[in-house]
Amino acid sequence: MVKMKRNIIINNGKNAITGAESRDLNQRSLKDYGLLKKSFFNFNFNKDLDTGVVVSVIDGVVSIKGLRNAKLGELLKFQSLSRGKIIKGMALNLNLGSVDAVLFDEERYILPGDIVEGSSKVISVLRGKNLLGRIVNALGEAVDGKGPIIGEEEVPIEIKAPGVVAREPIRESMLTGIKAVDSLLPLGRGQRELIIGDRKVGKTSIALDTILNQKEENKKNPSRAMHCIYVSIGQKRSSVKQFAKVLERYDALNYSIIVAASASEAAPLQFLAPFTACAIAEYFRDNAMHALIVYDDLSKQAIAFRQMSLLLRRPPGREAYPGDVFYLHSRLLERAANLNSGGSLTALPIIETQESDVSAYIATNVISITDGQIFLDATLFMDGIKPAISAGLSVSRVGAAAQCLAMRKLAGPLKLELAQYREVLGFQKFGSDLDSATMAILKRGELLVSVLNQDRNSPVLIQDQILYLFSARAGYLNDIDPKDVPDFLKRLSIFTKNSVLFSVHSSSLENNDYFKKYKFKFLNFFLNYFKKIVLKNTNNSKLW
Ligand SMILES: Nc1ncnc2c1ncn2[C@@H]1O[C@H](COP(=O)(O)OP(=O)(O)OP(=O)(O)O)[C@@H](O)[C@H]1O
Ligand SMILES: [Mg+2]
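Overview of the structure. (Residues numbered from 1 in each chain as written. Chains lettered and ligands numbered in written order. Predicted model: local features only at pLDDT ≥ 70, side-chain atom pairs only at ≥ 80, totals over all residues. Heavy atoms only, no water.)

### Observations concerning the site of ligand 1
Neighbouring ligand 1 are 13 residues; K200, K203, T204, S205 and Q454 lie closest to it. Between R456 and ligand 1, the recorded distance is 3.3 Å, taken from a side-chain N or O atom to an oxygen atom. Contact with the protein chains removes 76% of the 620 Å² of surface that ligand 1 exposes when unbound. The dominant element in the shell around ligand 1, judged by the number of residues it contributes, is helix α5 (residues 203-220), at three residues. (Near = heavy atom within 4 Å. Polar contact = N/O pair within 3.5 Å; in protein donor to acceptor, adjacent residues only side chain to side chain. Areas by Shrake-Rupley, 256 points an atom, 1.4 Å probe, with all protein chains shown as cover. Helix = DSSP H or I, 4+ residues; strand = E, 2+ residues; numbered from the N terminus.)

### Re helix α10 (residues 361-369)
Counting buried positions along α10 gives seven out of nine residues, so the element sits mostly inside the fold. Every buried residue of α10 is listed here: Y361, I362, A363, N365, V366, I367 and I369. Residues of α10 that are buried sit in contact with β10 (194-197), α8 (298-311), α9 (325-333), β15 (344-352) and β16 (372-376). (Buried < 20%, exposed > 50% of the residue type's maximum accessible area, 1.4 Å probe, protein only. Contact = heavy atoms within 4.5 Å.)

### Remarks on the packing of aromatic side chains
Following the criterion strictly, the structure yields 17 aromatic pairs and no others. With a centroid separation of 5.3 Å and 85 degrees between ring planes, the pair formed by Y283 and F284 is classed as edge-to-face. Per residue, the accessibility class of Y283 equals that of F284, and both read buried. Aromatic pair Y514 and Y518: ring centres 5.1 Å apart, planes at 50 degrees, arrangement tilted. Taken as a pair, Y514 and Y518 lie in helix α18 (residues 512-518) at a separation of four residues, close to a single helical turn. For Y514, a relative accessible area of 15% corresponds to the buried category. Cluster of aromatic residues (ring-pair linked, three or more members): F488, F495, F502, F522, F525, F526, Y529 and F530. Above the plane of the ring of Y327 lies R331, whose end atom (NZ or CZ) is 4.9 Å from the centre. (Phe/Tyr/Trp six-rings, centres within 6.5 Å; stacked < 30°, edge-to-face > 60°. Lys NZ or Arg CZ within 6 Å of the ring centre and 35° of its normal.)

### What to know about a nonpolar patch on the surface
A cluster of nonpolar side chains, contributed by L501, F525, Y529 and I533, occupies part of the molecular surface with about 350 Å² of accessible area. By residue number, the principal contributor to the nonpolar patch is helix α19 (residues 521-537), which donates three residues. (Patch = residues over 30% accessible without salt bridge, like charges linked within 9 Å, V, L, I, M, F, W, Y side chains within 5 Å. Salt bridge = Lys/Arg side-chain N within 4 Å of Asp/Glu carboxyl O.)

### So, the side chain of D50
Position of D50 among the secondary structure elements: in the loop between α3 (29-42) and β1 (51-58). One buried charged side chain, D50, makes no salt bridge at all; its nearest oppositely charged neighbour is R68, positioned 6.8 Å away. Within the local environment of D50, its side chain forms a polar contact with the backbone nitrogen of N69, the two atoms lying 2.9 Å apart. Those residues in contact with D50, other than ones at most four positions away along the chain, are L67, R68, N69, A70, V116, E117 and G118. (Lys, Arg positive; Asp, Glu negative; His and termini not counted.)

### A look at the side chain of S471
Tracing the backbone shows S471 in helix α15 (residues 462-473). In this structure the side chain of S471 is engaged in a polar contact, spanning 2.5 Å, whose partner is the backbone oxygen of Y468. In contact with S471, other than residues within four places in its own chain, are Y476, L477, L489 and L527.

### Let's talk about the pattern of salt bridges
What the rule picks out here adds up to 26 salt bridges. One salt bridge in this structure joins R491 and D487, with 3.9 Å as the shortest N-O distance. With R491 and D487 both in helix α16 (residues 485-498) and four residues apart, the pair spans about one turn of that helix. We classify R491 as partly exposed; its relative accessible area is 30%. Judged by its relative accessible area of 24%, D487 falls in the partly exposed class. A network of salt bridges, in which partner residues are shared, links R167, R192, E334 and D371.

### Brief notes about the pairing of strand β12 (residues 256-261)
A regular strand places its side chains on the two faces of the sheet in alternate fashion. For β12, the tally of buried residues reaches six of six residues, placing the bulk of the element in the interior. Going residue by residue along β12, you find S256, I258 and A260 tucked away on one face and I257, V259 and A261 tucked away on the opposite face as well. In terms of handedness, the path from strand β11 (residues 226-233) via helix α6 (residues 237-249) over to β12 forms a crossover that is right-handed. (Right-handed = clockwise from strand over helix to strand, strands pointing away.)

### Describing the nonpolar core
For soluble globular proteins, the rule of thumb is that nonpolar side chains tend to be buried together. The biggest cluster of nonpolar side chains holds 85 residues, and the ones touching the most others in it are I211, L247, I258, I466, L492 and L523. Excluding residues within four positions of it along the chain, L523 makes contact with I466, L467, F470, F502 and L509. F104, I123, A273 and Y321 belong to the second largest nonpolar core, which has 63 residues in total. (Core = buried A, V, L, I, M, F, W, Y, C linked by side-chain atoms within 4.5 Å.)

### So, the sheet that holds strand β5 (residues 98-103)
Reading around the circumference, β1-β2-β5-β4-β3-β6 is the order of the six strands in this closed barrel, with antiparallel pairing throughout. Shown here is a sheet whose adjacent strand axes are inclined to one another by a mean of 45 degrees, direction ignored. Pairing between strand β2 (residues 61-66) and β5: five bridges, direction antiparallel. Each bridged residue has a counterpart across the sheet, and for V61 the counterpart in β5 is V102. (Pairing = 2+ DSSP bridges. Axes fitted to C-alpha atoms, helices over the stretch in contact; angles between N-to-C directions.)

### Some words on the packing of α9 against α10
Between α9 and α10, whose axes approach to 10 Å, the crossing angle comes to 35 degrees. When the axes of α9 and α10 are compared, the crossing they make is right-handed. Across from V325, F326, H329, S330 and L333 in α9, the residues of α10 making contact are Y361, I362, N365, V366, S368 and I369. Classifying every residue of the contact of α9 with α10 by side-chain character gives seven nonpolar, four polar and no charged. (Left-handed = near helix turned anticlockwise from the far one by under 90°. Nonpolar A, V, L, I, M, F, W, Y, C, P; charged D, E, K, R; others polar.)

By themselves these figures say nothing about function.
As structure tokens, then:
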């Protein structure tokens, strides 16, 4: 009965509402307001609920009369009578007598006169271990077609970051399996390390390799297993699917959760996705477990936030972003922590730059919030250096405390040597006119670059990384052409995989007490044996 009456009011006696008619309705606001009031009073309200009625829908922002008890960030449910479905939204501007809200779906479903119900709770998410292996949307609902997820507990997506007293300094390493990162930019559990670079320079690949590497790390120490949460913001759905496929192929999906707000979804969902994912990841941190969260990428979240803020008529600031865009990212990244209760949350936010401009607004903001950055250089990428990590501009401020002694010893002079190499690289074209010292720097640099180069989706175990770097630093590669280094390392890796001798000693290489006692004695013996006996017998004319 009520429904029929409302339909007559809204449809003006016709059966369907077209876009033009709905705009018409918006314009005839005064006349409508009388009709809306009638519709409002005719509606069979649930007295326990805070209810309102839509007055206008302009550019995705819904103005609502009523909702007297609405909270900032409250989940609202719109009864779209024209489409017969419930659409969710969020209250953002609490004005005197009205509320402005944003929608999580297309605005064409909502028309003036639609009824809005408050849920009396801020946006929340169901979280728990059951989410592992699943893909969810920005509201924590399953989108992978594998059925609904039964969460363990419901929490608001915005929770205050842990205080100073609950935190501990970083003392446990978080290995990425990427040689250039684990040696030069060591990360620790609880650290926030930014991955920054232009489009298509391998930002996502670094994060993906890190997630894949946790498979072997988790096997080593199941009680300290790392759970990985990947948040995709404003990307194509096909990219998310591709990412999930790679995780599945490498057996990494069972310890991972994907939270996706794709480019086709509403801006408020792209804004919410990182917070939802963080609340999901905090389940592990707060229950004395370990989690890694990748925000791919926060520049798209900032753009969605700017769009929402401008539509809500909040004042624009630098680059038209609202003044609190710094706070948006800082309150999100502050939630990464190493807690004294035993849990940790490590964050790898990603930022996309234009023309390698790290001084842009959002880039500088996130650089200043995080504990260091991995800067990916487009020119290095073009030169074939992959991952294209710029040794000069990248830094990890806190992770070195957790790096094992053997790696620290090897990596110390590496950064300097690489920086020197990049400095003199421009002189290479002078060829034989160069002095012998410059030639030596160039040769050494070329050798180190070929040792650090790494294909994607192929993380390297830390003991193998130590072996490779030691072979370069101790001169075992001096008689090999840099172009043949990948081939040499491949043979070495095949040999180590099958060598009982190496597997017995390799696990100790990470142990600082072992290293203090034996230094690199075993590696020296092993590499001599490999070069003089194993390789010679394989009759490899290319290398010898
Ligand atoms: N280590 C690597 N070795 C070889 N190729 C790589 C490596 N890392 C990345 N690539 C290549 O670079 C391309 C871009 O990688 P990726 O998608 O990780 O970059 P991105 O910076 O995340 O891109 P986008 O800006 O689209 O997000 C991929 O097609 C991949 O094949
Ligand atoms: Mg990417």
